[in-house]
Amino acid sequence: MATKTPPTFIVDCPDCKAKVAATESGRAERFFTDDDSGQPYGMRVFVGNCPKCHLILVGESDQVDFENIDAPEDRWSDIVRVYPKPPKVFSSWHIPNVVSDSLTEADRSLQAGANIAACVMLGRALEALCRDILEEPTPKKDDAPAATPTKPKKKIMLGEGLRRLRDTKVIDDRLYDWSQQLHAFRNLAAHPEDISISRNDAEDLQTFVNAIVEYVYDLADRYKEFKERVDARAKRKKS
């Protein structure tokens, strides 16, 4: 009697640093319709082992098309590893969508082995951070003087933004020096040059960008909350 071949799923193995056909040992699915929008939603979670190093791998896939609703057949996204080394999660709600979306795309690019694309998205995330922190909001039309037409503001580019973050002490010299490496990699990756970026280098740059986003947003929020608690206790003692 022939032995049945166990099912597999394609997922990134962080130890092997490659896409592997993991041996599937379990799966969970969830399907529902959003009460507010009426949109259907589907999600699958796969559990298995890397065939080479036997590391336990957990991947997640979202349903992107639904049969007889918006497409002739069901279609699912590529499986993204959520264990081990899940994508970085930040607590601050001040992080702009363009920053968080770029970080997500960078992580998915790394898992797909697209190191150059990952560097481009990491640079995009950091440039968006610079603009969010440094650029003044555009004045409303009603607030602008009638006789003085407003010129469109020049957007801050990555190199200038990083220097201004250092000069205004949003980041320290060490973070600035590290950011220069990302700037150089991003410039190489964004132009049609014959280059190669290793996964180790791309992962180190990802660690840096995650660290600077956490430093600028998450830690700033935590420090503000901490100061508010200290000040509130001080006021209670005086009263």
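See the structure shown above.
Keep in mind the model is a prediction, meaning the values are calculated, not measured. (Residues numbered from 1 in each chain as written. Predicted model: local features only at pLDDT ≥ 70, side-chain atom pairs only at ≥ 80, totals over all residues. Heavy atoms only, no water.)

Our next topic: the environment of Glu73. Mapped onto the fold, Glu73 is located in the loop between β4 (56-65) and β5 (75-76). Taking the relative accessible area as the measure of exposure, Glu73 reaches 55% and is therefore exposed. Residues within four places of Glu73 in sequence aside, it is in contact with Asp65, Phe66 and Glu67. (Helix = DSSP H or I, 4+ residues; strand = E, 2+ residues; numbered from the N terminus. Buried < 20%, exposed > 50% of the residue type's maximum accessible area, 1.4 Å probe, protein only. Contact = heavy atoms within 4.5 Å.)

So, about the pairing of strand β3 (residues 40-49). Of the strand pairs in this sheet, strand β2 (residues 18-33) and β3 are connected by 10 bridges, and their pairing is antiparallel. Directly across from Thr33, in β3, lies its bridge partner Pro40. Connecting β2 to the next strand, β3, in antiparallel fashion are 6 residues, including Gly38 with a positive phi near 75°. The sheet contact formed by β3 and β4 spans 7 bridges and is antiparallel. Bridged to Asn49 within β4 is Ile56. A loop of 6 residues connects β3 with β4, the two strands running antiparallel in sequence, and His54 in this loop sits at a positive phi of about 65°. (Pairing = 2+ DSSP bridges.)

Here Asp221 shows up in helix α5 (residues 199-238). In this structure, Asp221 is buried with no salt-bridge partner, the nearest side chain bearing the opposite charge being Lys224 at 6.6 Å. Of note is the side chain of Asp221, whose polar atom sits 3.0 Å from the side chain of His94. In contact with Asp221, not counting residues within four places along its chain, are Ser92, Trp93 and His94. (Lys, Arg positive; Asp, Glu negative; His and termini not counted. Salt bridge = Lys/Arg side-chain N within 4 Å of Asp/Glu carboxyl O. Polar contact = N/O pair within 3.5 Å; in protein donor to acceptor, adjacent residues only side chain to side chain.)

What follows concerns the nonpolar core. By size, the foremost hydrophobic cluster in this structure holds 35 residues, and its most contacted members are Val99, Leu103, Val209 and Val213. Broken down by element, this core gets its largest block of residues, 10 residues, from helix α2 (residues 115-134). When residues no more than four places from it in sequence are discounted, the contact partners of Val99 are Ala125, Ala128, Leu129 and Val213. Core analysis: the second largest hydrophobic core is formed by 9 residues, Phe9, Ala22, Phe46 and Cys50 among them. (Core = buried A, V, L, I, M, F, W, Y, C linked by side-chain atoms within 4.5 Å.)

To continue, consider the pattern of salt bridges. Counted under the stated rule, the structure contains 15 salt bridges. Arg27 serves as the salt-bridge partner of Glu24, at 3.1 Å between the closest nitrogen and oxygen. Glu214 is the salt-bridge partner of Lys88, the closest N and O atoms lying 3.4 Å from each other. With a gap of 126 residues between them, Lys88 in the loop between β6 (80-83) and α1 (97-111) and Glu214 in helix α5 connect regions that are remote in the sequence.

Here the structure, examined in full by the defined rule, presents 4 aromatic pairs. When the centroid spacing of 5.1 Å and the interplanar angle of 50° are considered together, the rings of Phe32 and Tyr41 count as tilted. Since its relative accessible area comes to 30%, Phe32 is described here as partly exposed. The residue whose ring lies beneath Arg166 is Tyr176, and the NZ or CZ to ring-centre distance is 4.1 Å. (Phe/Tyr/Trp six-rings, centres within 6.5 Å; stacked < 30°, edge-to-face > 60°. Lys NZ or Arg CZ within 6 Å of the ring centre and 35° of its normal.)

So, on to helix α4 (residues 173-189). Helix length check: α4, at 17 residues, gives a terminal C-alpha distance of 24 Å against a target of 24 Å (1.5 Å per residue), a fit within 8%. Of the residues making up α4, those classed as buried are Leu175, Tyr176, Ser179, Leu182, His183, Phe185, Arg186 and Ala189. The inward-facing, buried residues of α4 abut α2, α3 (158-167) and α5. Its side-chain oxygen at 3.3 Å from the backbone nitrogen of Arg174, Asp172 defines the N-terminal cap of α4. (Expected span 1.5 Å × (residues − 1).)

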